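Chain by chain, the residues run as shown.
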Amino acid sequence: MSTPHIDAEPGAIADTVLFPGDPLRARHIALTFLDDAVEFNARRNMLGYTGRYRGQRMSVMGSGMGIPSSAIYATELARVYGVRRIVRIGTCGGVGEVALGDLLLAQSASTDSRFNRLHFGDHDLAACADFALMKAVVDTAARQNVAVRVAHIFSTDCFYDGDADLLTHLRRHNIVGIDMESAGLYGLAMREGLQCLSVMTVSDHLDRDEHMPAAEREQGLARMVTLALESLGNAPAG
Ligand code: HPA
């Protein structure tokens, strides 16, 4: 069996998927954090693996960049492979009172994308995280003394240019992170009955033109992956 974009056998993908943007990060996560990781997809080089973390079956797959790419994969994972939980692991731009390296848990994701409106009669959808996943990650972070910030974020279709007043609007609404995927994933999760949460490290500060060095990005990735994996064992599947 395969879908237009995922070339995996039925049952090859766990019910929980970590979802970094970069497929090479998916491979790195699988080889570093999972036991007995087996590749289940290489179509379009969007690598996906299934292995175990502390005995629990877990998959990790690249999502690509932006709402269209990540939504294609998430839809096929949910509808065809029975995936029930998706945790996006990524980086985001920071706005206002956040610092490079801060770990954000996206409670809500506003957007300039029309993706959710296309499914919702052109109305505004309140794209928000799954509460059980959020609680599990917040509780694990508290137990492990890892600083996290539950935050409003914004998913943009324009990495370059776009709305010249965007940062002003974001600051006005206490939105502190910008990514390119979460709002679409959250809307899709509502429709597909998935649990979804975005866990992101602030890698660029957009007010201050600061950028995280590569080594610190690696540390940020390891921190997010560890937090997510430790939390998922404690989050009841919805
Ligand atoms: N914009 C959108 N997505 C991002 C950014 C950004 O500045 N940095 C990391 N992901």
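Please read all numbers here as calculations on a predicted model, not as lab measurements. (Residues numbered from 1 in each chain as written. Predicted model: local features only at pLDDT ≥ 70, side-chain atom pairs only at ≥ 80, totals over all residues. Heavy atoms only, no water.)

## A few points about the environment of E181
Which entries qualify depends on this criterion: A run of DSSP states H or I qualifies as a helix once it reaches four residues; a run of E qualifies as a strand once it reaches two. Both are numbered from the N-terminal end. Here, two residues are considered to be in contact whenever any of their heavy atoms come within 4.5 Å of each other. As used in this structure description, the phrase polar contact means that two N or O atoms lie within 3.5 Å; if the pair is within protein, one of them must be able to donate a hydrogen and the other to accept it, and residues adjacent in sequence are counted only when both atoms belong to side chains.
Following the sequence through the fold, E181 ends up in the loop between β8 (175–179) and α6 (182–192). The residues touching E181, leaving out its near neighbours within four places in the chain, are G64, M65, G66, I67, S70, R88 and S155. At a separation of 3.1 Å, a polar atom in the side chain of E181 contacts the side chain of R88.

## Digging into unusual backbone geometry
Leaving glycine aside, a negative phi is the common case for residues, and trans is the common case for peptide bonds. In plain terms, the rule: Summary of the burial criterion: residues with accessible area below 20% of their type's maximum are buried, those above 50% are exposed, and those between are partly exposed, where the area comes from a 1.4 Å probe applied to protein chains only.
The phi dihedral of R44 falls on the positive side, at around 55°, and the residue is not glycine. Here R44 lies in the loop between β2 (35–41) and β3 (48–53). Classification of R44 as exposed rests on a relative accessible area of 66%. Its identity as a non-glycine residue notwithstanding, D122 has a phi of 65°, on the positive side. Position of D122 relative to the elements: it lies in the loop between α3 (115–118) and α4 (131–143). The partly exposed category is assigned to D122, whose relative accessible area is 39%.

## Section: the site of the ligand
Going by this rule: Consider each residue's heavy atoms; a residue with any of them within 4 Å of a molecule or strand counts as near. All accessible areas in this document rest on Shrake-Rupley with a 1.4 Å probe, and a residue is counted as covered only by the protein chains that are shown. Here the nonpolar group is Ala, Val, Leu, Ile, Met, Phe, Trp, Tyr, Cys and Pro; Asp, Glu, Lys and Arg are the charged ones; every other residue, Gly included, is treated as polar.
Inspection of the region around the ligand gives T91, C92, G93, F159, I178, D179, M180, S203, D204 and L206 as its neighbouring residues. Within the backbone of G93, one N or O atom sits 3.3 Å away from a nitrogen atom of the ligand. Within the contact set of the ligand, a nitrogen atom lies 2.9 Å away from a side-chain nitrogen or oxygen of D204. Summarising the interface, the protein chains cover 86% of the accessible area of the ligand, which totals 260 Å² for the free molecule. At the level of elements, β5 (85–94), β8 and β9 (195–205) are the ones that each hand at least two residues to the shell around the ligand. Counting residues per element, the shell around the ligand draws most heavily on β5, which supplies three residues. Tallied by class, residues from the shell around the ligand come to five nonpolar, three polar and two charged.

## Topic: the nonpolar core
The test is simple: Within this scheme, the nonpolar core is defined by two criteria: the residues are buried Ala, Val, Leu, Ile, Met, Phe, Trp, Tyr or Cys, and they are joined through side-chain atoms within 4.5 Å.
The biggest cluster of nonpolar side chains holds 65 residues, and the ones touching the most others in it are I6, I13 and L18. Contact partners of I13, with chain neighbours within four places excluded, come to I6, A8, F40, T50, R57, S59, L77, Y81 and V83. Of all hydrophobic cores here, the second largest spans six residues; its members include V95, L166, I175 and I178.

## Considerations on α6
Of all the eleven residues making up α6, nine are buried; the element is thus mostly covered by neighbouring parts of the structure. What α6 keeps buried is the set S182, A183, G184, L185, Y186, G187, L188, A189 and E192. Directly after α6, the chain includes G193, whose backbone phi takes a positive value near 70°.

## Comments concerning the state of the cysteines
For the record, the criterion: Pairs of cysteine sulfur atoms within 2.5 Å are identified as disulfides in what follows.
All chains considered together, the criterion is met by zero disulfides. Looking at C92, it has no disulfide partner, and the nearest cysteine sulfur is the one in C196, 15 Å off. C128 carries a free sulfur, and the closest cysteine sulfur to it, the one in C196, is 10 Å from it. Taking relative accessible area as the criterion, C128 reaches 40% and is therefore assigned partly exposed.

## Examining the pairing of β5
What counts is decided by this rule: Pairing between strands is defined by DSSP: at least two bridges between the two strands are required.
Of all ten residues in β5, nine are buried; the element is thus mostly enclosed. For strand β1 (residues 16–20) and β5, the ladder comprises five bridges, and the chain directions are parallel. Of the residues in β5, the one forming a bridge with F19 is R88. One ladder, built from ten bridges, connects β5 with β9; its direction is parallel. Paired with G94 across the two strands is H205, which belongs to β9.

## Digging into the pattern of salt bridges
Applicable threshold: Here, a salt bridge means any side-chain nitrogen of Lys or Arg that lies within 4 Å of a carboxyl oxygen of Asp or Glu.
Inspection of the entire model under this criterion finds 13 salt bridges. A salt bridge links R88 to E181, with the shortest nitrogen-to-oxygen separation between them at 3.1 Å. Taken together, the residues R88 in strand β5 and E181 in the loop between β8 and α6 connect sequence positions 93 residues apart. We note that R88, like E181, is buried.

## Regarding the environment of D7
The residue D7 is located in the segment before β1 in this model. Between the C-alpha atoms of D7 and R43, which are 36 residues apart in sequence, the distance is 6.2 Å. In this structure D7 touches S2, F40, N41 and R43, once residues within four positions along its chain are discounted.

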